[in-house]
Amino acid sequence: VAAHAGLHPEWGVNAITLASRALAALPEGRIDSKSSINFGTISGGTASNIVPDQVFVRGEVRSHSTQRLEELTKQIEDCFTRVVHDWQDPTGEAKGKPELHFKIIPDFPVMNLQESDPVIQHIKKSGLKIGMELEFAIAGGGSDANIFNGYGLDTAIVATGMTHVHSTDESVRIEDMAQLTNLIIALLT
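What counts and what doesn't
- Residues take numbers from 1 onward in each chain, read along the sequence in its written order.
- Local features are withheld for residues below a pLDDT of 70 in this predicted model, meaning they are given only at 70 or higher, and side-chain atom pairs are given and counted only at 80 or more; totals for whole chains, interfaces and linings count all residues.
- Side-chain measures were taken over the full set of non-hydrogen atoms in the model, leaving aside hydrogen atoms and water.
- Between N-to-C directions, angles cover 0 to 180 degrees, with each direction set by a line fitted to C-alpha atoms, over the stretch in contact for helices.
- By the criteria applied, helices consist of DSSP H or I runs no shorter than four residues and strands consist of E runs no shorter than two, each listed in order from the N terminus.
- The scheme is simple: roughly parallel for angles under 35 degrees, roughly antiparallel for over 145, roughly perpendicular for 65 to 115, oblique for anything else.
- What makes a crossing left-handed is the near helix being turned counterclockwise from the far one by less than a right angle; a clockwise turn instead makes it right-handed.
- Throughout, a residue-residue contact means that at least one pair of heavy atoms, one from each residue, lies within 4.5 Å.
- All residues other than Ala, Val, Leu, Ile, Met, Phe, Trp, Tyr, Cys, Pro, Asp, Glu, Lys and Arg, Gly among them, are scored as polar; the first ten of these are nonpolar and the last four charged.
- Residues enter a patch when their relative accessible area is above 30% and they make no salt bridge; the linking distance is 9 Å between like charges and 5 Å between nonpolar side chains (Val, Leu, Ile, Met, Phe, Trp, Tyr).
- All accessible areas in this document rest on Shrake-Rupley with a 1.4 Å probe, and a residue is counted as covered only by the protein chains that are shown.
- A side-chain nitrogen of Lys or Arg and a carboxyl oxygen of Asp or Glu constitute a salt bridge if their distance falls within 4 Å.
- Should DSSP find at least two bridges between two strands, the strands are taken to pair.

Student: Help me understand the packing of helix H1 (residues 15–25) against helix H2 (residues 66–85), please; the structure alone is not making it clear to me.
Tutor: Packed helices, taken two at a time, are described by their axes: the angle between them and the distance between them. The geometry of H1 relative to H2 is characterised by a closest axis approach of 9 Å and an angle of 140 degrees between their N-to-C directions. One way to sum up the angle between H1 and H2 is to call them oblique. When you trace H1 past H2, the crossing you get is right-handed. Contacts between H1 and H2 involve Leu 18, Ala 19, Arg 21, Ala 22, Leu 23 and Ala 25 from the first element and Cys 79, Phe 80 and Val 83 from the second. The class makeup of the residues in the contact of H1 with H2 is eight nonpolar, no polar and one charged.

As structure tokens, then:
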């Protein structure tokens, strides 16, 4: 609920403050060996002299377990719901109550490939054909492979050798790019 921050702050309900309470109560980062939570953006308010009536928090939950993904997402929704529900008007003069609009967008379906799956065996054989011993690992990234797997098309992610991903220090060595190119040629031939 917007209000003038100097004349009648008691008329407002500060959306940013409520969001910060929920965020402070939630876990974030690496949750377990297969799951993570990240709140990546928060925006709201229009001016420093106005009690902010809206705040938008965008985050994500990742897990290699569908059940754990659902549990963590529910935990986040429940926490925000509880903060909004438990809000108390400190002066009794607020011109409304807080509301929550929680939206879940399933971006990346869980991938669950086994080393015995044909796509993994094809990659392994292609690597051996060019003398490249590959390491297969569970990673925390999201890609088109998740989407393809979600539609039943077994697809694996082949790493490029990037380091410091999504930072200003992100890089890949020329040697790694050349090796990846050789692997791609082997996969296609």
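Student: What should I look at first to understand a nonpolar patch on the surface in this one?
Tutor: On the surface, Met 162, Val 165, Val 172, Ile 174 and Met 177 cluster together into a nonpolar patch covering about 440 Å² of accessible area. Topologically, Met 177 is positioned in helix H5 (residues 174–188).

Student: Just to check I follow, could you spell out the environment of Lys 124 for this structure?
Tutor: Mapped onto the elements, Lys 124 comes out in helix H3 (residues 118–129). Spatially, the C-alpha atom of Lys 124 lies 8.9 Å from that of Glu 135, the residues being eleven residues apart in sequence. In contact with Lys 124, other than residues within four places in its own chain, are Glu 115, Leu 134 and Phe 136.

Student: Help me understand the sheet that holds strand S2 (residues 29–32) in this model?
Tutor: The strands making up a sheet associate through hydrogen bonds between their backbones, and the pairing can be parallel or antiparallel. Taking strand neighbours across the sheet as the criterion, the three strands line up as S2-S3-S5 in an open arrangement whose pairing is antiparallel. Each edge of the open sheet is held by one strand with a lone partner, namely S2 and strand S5 (55–63). Taking each pair of neighbouring strands and ignoring which way they run, the sheet shows an average axis angle of 25 degrees. Relative to S5, strand S3 (residues 35–44) runs antiparallel, the two sharing nine bridges. In the sheet register, Asn 38 faces S5, and the bridge partner there is Glu 60. Along the sheet, H1 contacts S3 and S5; its crossing angle with S5, the most-contacted strand, is approximately 20 degrees. Strand contacts of H2: S2, S3 and S5, with the helix running at about 160 degrees to S5, the strand carrying the most contacts.

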